Amino acid sequence: GRQIPYTMAKFFFFEKVVSFFYTNVFTEPKETYSKSTQLSVTFASGYIAGIICALVSQAPDNLVSQMGKAENKGKGFGTLINEQGASNLFTRGLGPRIIMIGTLTGLQWWIYDTFKTVMGMGTSGGK
């Protein structure tokens, strides 16, 4: 169940970032850009969406990781938050997480749009 907000954010922010790129950066009709440019927009949009997802899910995922440790058995969320400190929950391991989730999400969207392109359906977003 905890993956639902993360996945919703991934789709929502991907669509918003693609729309931003095609509205503000690549302002000509999408079809005028090469497929490699369109797929680059897809990857960049996925990467940025992944960064946002990493930021949104960082603290809850750190908390769940802490709950899984044997020494924390029986401790509640409030106790773990107080012991870890709220700032640590949001920042500990964030850099590698951004790189990992950004890259994975960018690649997921790139693979999806590449498949769509091969099948003649085109890439995501655009006018």
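The written sequence of each chain sets the order in which its residues are numbered from 1. Per-residue local features of the predicted model are confined to residues with pLDDT of at least 70, and side-chain atom pairs are confined, for both listing and counting, to 80 or more; whole-chain, interface and lining totals are unaffected and use all residues. Heavy atoms from the whole structure form the basis of all side-chain values; hydrogens and water molecules are not counted.

Enquirer: What should I look at first to understand the overall build of the protein in this one?
Expert: Strands here mean DSSP runs of E at least two residues long; helices mean DSSP runs of H or I at least four residues long; both are numbered from the N terminus. The helix and strand inventory of the protein stands at five helices and zero strands. Counted from the first residue to the last, the protein has its helices and strands arranged as α-α-α-α-α. A compact globule built from 127 residues should have a C-alpha radius of gyration of about 14 Å, whereas the protein, at 18 Å, is more than 25% larger. When the backbone C-alpha atoms are referred to their principal axes, the protein occupies close to 60 × 25 × 20 Å. The criterion used for residue contact is that any of the two residues' heavy atoms lie within 4.5 Å. Long-range pairs, those at least 24 residues apart, make up 74% of the contacts in the protein with a sequence separation of at least 6. Working note: accessible area of the protein is about 7,500 Å², and carbon and sulfur atoms make up 67% of it. For the protein, the centre of its 12 positive side-chain charges and the centre of its 7 negative side-chain charges are spaced 5 Å apart. For a compact globule the rule gives 2.2 Å times the number of residues to the power 0.38, and the radius of gyration it is set against comes from C-alpha atoms. Exposure was quantified through the Shrake-Rupley algorithm and a 1.4 Å probe, taking into account, for residues, occlusion by the shown protein chains and nothing else. The positive count covers Lys and Arg only, the negative count covers Asp and Glu only, and His and the chain ends enter neither. Charge placement uses NZ in Lys and CZ in Arg. For Asp and Glu, CG and CD serve respectively.

Enquirer: Any chance you could explain helix α5 (residues 94–118) here in plain terms?
Expert: The α-helix advances 3.6 residues per turn, and as a result positions three or four apart in sequence lie on the same side. Multiplying one less than the number of residues by 1.5 Å gives the expected span of a helix. For α5, which comprises 25 residues, the first-to-last C-alpha distance of 35 Å matches the rise-based estimate of 36 Å (1.5 Å per residue) to within 8%. The elements touched by buried residues of α5 are α1 (3–25), α2 (35–67) and α4 (86–91). Just beyond α5, the residue with positive phi is Gly120, at close to 85°.

Enquirer: Is there a simple way to explain the environment of Phe26 in this structure?
Expert: With respect to the helices and strands, Phe26 occurs in the loop between α1 and α2. Distance in space between the C-alpha atoms of Phe26 and Gly126 is 9.0 Å, their sequence separation being 100 residues.

Enquirer: Explain the side chain of Lys30 to me, please; I cannot follow it from the model alone.
Expert: Among the structural elements, Lys30 can be located in the loop between α1 and α2. Accessible area is worked out with a 1.4 Å probe on protein chains only. A residue is then buried under 20% of its type maximum, exposed over 50%, and partly exposed in between. For this document, the term salt bridge refers to a Lys or Arg side-chain nitrogen within 4 Å of an Asp or Glu carboxyl oxygen. One buried charge, Lys30, has no salt-bridge partner; the nearest side chain with opposite charge is Glu31, at 4.9 Å. Between N or O atoms, a polar contact is any pair within 3.5 Å; within protein, one atom must be a potential hydrogen donor and the other a potential acceptor, and residues adjacent in sequence are included only when both atoms are from side chains. At a separation of 2.5 Å, a polar atom in the side chain of Lys30 contacts the main-chain carbonyl oxygen of Thr123. Not counting the four nearest positions on each side in its chain, Lys30 is found in contact with Tyr22, Gln38, Thr123, Ser124, Gly125 and Gly126.

Enquirer: What's the story with the nonpolar core in this structure? I'm lost.
Expert: When a protein is soluble and globular, its nonpolar side chains tend to lie buried together. Among the nonpolar cores identified, the biggest contains eight residues, and these are Phe14, Val17, Val18, Phe21, Tyr22, Val41, Ala49 and Trp109. For this core, the secondary structure elements donating two or more residues are α1 and α2. If one sorts the elements of this core by residue count, α1 sits on top with five residues. In contact with Val17, other than residues within four places in its own chain, are Ser45 and Ile48. The criterion is simple. A nonpolar core is a set of buried Ala, Val, Leu, Ile, Met, Phe, Trp, Tyr and Cys residues joined through side-chain atoms within 4.5 Å.

Enquirer: I tried to follow the packing of aromatic side chains on my own but got confused; where do I start?
Expert: Each aromatic ring pair is specified by the distance between its two centres and by the angle formed by the two planes. Ring pairs shown here join Phe, Tyr and Trp side chains whose ring centres sit within 6.5 Å, with only the six-membered ring taken for Trp; geometry is labelled stacked below 30 degrees between planes, edge-to-face above 60, and tilted in between. Summed over all chains, the structure comprises nine aromatic pairs. Both rings, one in Phe12 and one in Phe13, keep their centres 5.1 Å apart while their planes meet at 85°; by these two values the pair is edge-to-face. A relative accessible area of 26% means that Phe13 is categorised as partly exposed.

Enquirer: Explain the pattern of salt bridges to me, please; I cannot follow it from the model alone.
Expert: Opposite charge on two side chains lets them pair, provided their charged atoms get close. Applying the stated criterion across every chain, the model contains three salt bridges. Close ionic contact of Arg97 with Asp61 constitutes a salt bridge, the shortest N to O distance being 2.5 Å. One end of the pair, Arg97, is in helix α5; the other, Asp61, is in helix α2, and 36 residues separate them in sequence. Across the pair Glu83 and Lys75 runs a salt bridge whose closest N-O atoms are separated by 3.0 Å. The exposure class assigned to Glu83 is partly exposed, which follows from its relative accessible area of 45%. Residue class for Lys75 comes out partly exposed when judged on its relative accessible area of 27%.

These results come straight from atomic positions and should not be treated as a statement about function.
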